[in-house]
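Tertiary structure, described
Residue strings, one per chain:
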Amino acid sequence: MIKHEFCKLQLSDILFCQRIDEIKKNLIVDSILKNGFDYNLGHIVISKDNEIIDGNHRYHSLLEIYGSDFVIIFKKLNSTKKLYHTFLFVIVFPIYFLILTYIIQLVIFFKAI
């Protein structure tokens, strides 16, 4: 299991992806302006080298509204982004695929009966 911790960082400390869906970002901006930033919807997840793993649109929305000096709480993983994706593709997805295959075989078996 990948360990994590929560930390407060300025938005300017984070490495981010430039490519984002502007429509989705604008919806998030509207929501933040209306309701404020809600951590219950999910923290922005970063790697141990401060690279965004999950929450790129939320990051860009906060950056647009509050600027790069704004400080929020991030969920920081104890691994790099590459290690996190390796964990997903090598461990999680194959297990999911095996379970899905087993369920499909059960459905076919019971339809045949």
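Structure shown above.
Read on for a plain summary of the structure. All of these numbers come straight from a predicted model, not from anything done at the bench.

Calculation criteria
- Residues numbered from 1 in each chain as written.
- Predicted model: local features only at pLDDT ≥ 70, side-chain atom pairs only at ≥ 80, totals over all residues.
- Heavy atoms only, no water.
- Helix = DSSP H or I, 4+ residues; strand = E, 2+ residues; numbered from the N terminus.
- Expected span 1.5 Å × (residues − 1).
- Buried < 20%, exposed > 50% of the residue type's maximum accessible area, 1.4 Å probe, protein only.
- Arc of directions from axis to C-beta.
- Core = buried A, V, L, I, M, F, W, Y, C linked by side-chain atoms within 4.5 Å.
- Patch = residues over 30% accessible without salt bridge, like charges linked within 9 Å, V, L, I, M, F, W, Y side chains within 5 Å.
- Areas by Shrake-Rupley, 256 points an atom, 1.4 Å probe, with all protein chains shown as cover.
- Salt bridge = Lys/Arg side-chain N within 4 Å of Asp/Glu carboxyl O.
- Phe/Tyr/Trp six-rings, centres within 6.5 Å; stacked < 30°, edge-to-face > 60°.
- Contact = heavy atoms within 4.5 Å.
- Axes fitted to C-alpha atoms, helices over the stretch in contact; angles between N-to-C directions.
- Parallel < 35°, antiparallel > 145°, perpendicular 65-115°, else oblique.
- Left-handed = near helix turned anticlockwise from the far one by under 90°.

The next subject is helix H1 (residues 22-35). Over its 14 residues, H1 extends 20 Å from the first C-alpha to the last, a length consistent with the 20 Å expected when each residue adds 1.5 Å. Along H1, the residues classified as buried are Lys-25, Ile-28, Val-29 and Ile-32. With its buried residues spanning 105 degrees around the axis, H1 presents them on a single face. Among the exposed residues of H1, those pointing more than 90 degrees away from its buried face are Ile-23, Leu-27, Lys-34 and Asn-35.

Here we come to the nonpolar core. When a protein is soluble and globular, its nonpolar side chains tend to lie buried together. Leu-11, Ile-28, Ile-32, Ile-44, Ile-46, Ile-52, Tyr-59, Leu-62, Ile-72 and Phe-74 form the largest nonpolar core, which has ten residues in total. Every element with two or more residues in this core is listed here: H1, strand S2 (44-46), helix H2 (56-66) and strand S4 (71-77).

The next point concerns unusual backbone geometry. Backbone geometry follows two general trends: most residues other than glycine have a negative phi, and most peptide bonds adopt the trans configuration. If you check the backbone angles, Asn-50 has positive phi at about 60 degrees while not being a glycine. With respect to the helices and strands, Asn-50 occurs in the loop between S2 and strand S3 (52-54).

Moving on: a nonpolar patch on the surface. Taken together, the side chains of Ile-91, Ile-95, Ile-99, Tyr-102, Ile-103, Leu-106, Val-107, Phe-109, Phe-110 and Ile-113 define a hydrophobic patch exposed on the protein surface, amounting to about 1,000 Å² of accessible area. If you trace the backbone, Ile-91 turns up in helix H3 (residues 81-112).

Take the packing of aromatic side chains next. With the rule as written, the count across this model stands at three aromatic pairs. On the basis of an interplanar angle of 15 degrees and a centroid distance of 4.2 Å, the ring pair of Tyr-66 and Phe-70 is categorised as stacked. The exposure class assigned to Tyr-66 is partly exposed, which follows from its relative accessible area of 38%. We classify Phe-70 as partly exposed; its relative accessible area is 27%.

Of all the residues in H2, the buried ones are Asn-56, His-57, Arg-58, Tyr-59, His-60, Ser-61 and Leu-62. Looking at the buried side of H2, the elements it contacts are H1, S2, S3 and S4. Positive backbone phi, approximately 90 degrees, marks Gly-67, located one or two places after H2.

Glancing now at the pattern of salt bridges. By the definition in use, this model includes one salt bridge. Residue Arg-58 pairs with Asp-54 through a salt bridge whose shortest N-O separation is 3.5 Å.

Relative orientation of the contacting elements H1 and H2 amounts to 55 degrees, with a least axis distance of 9 Å. As summarised for this structure, H1 and H2 are arranged oblique, according to the angle between their axes. Note that H1 runs across H2; the crossing there is right-handed. Along the contact surface, H1 presents Lys-24, Lys-25, Ile-28, Val-29, Ile-32 and Leu-33, while H2 presents His-57, Arg-58, His-60, Ser-61, Leu-62, Glu-64, Ile-65 and Tyr-66.

Geometric descriptors of this kind do not, in isolation, establish any biological role.
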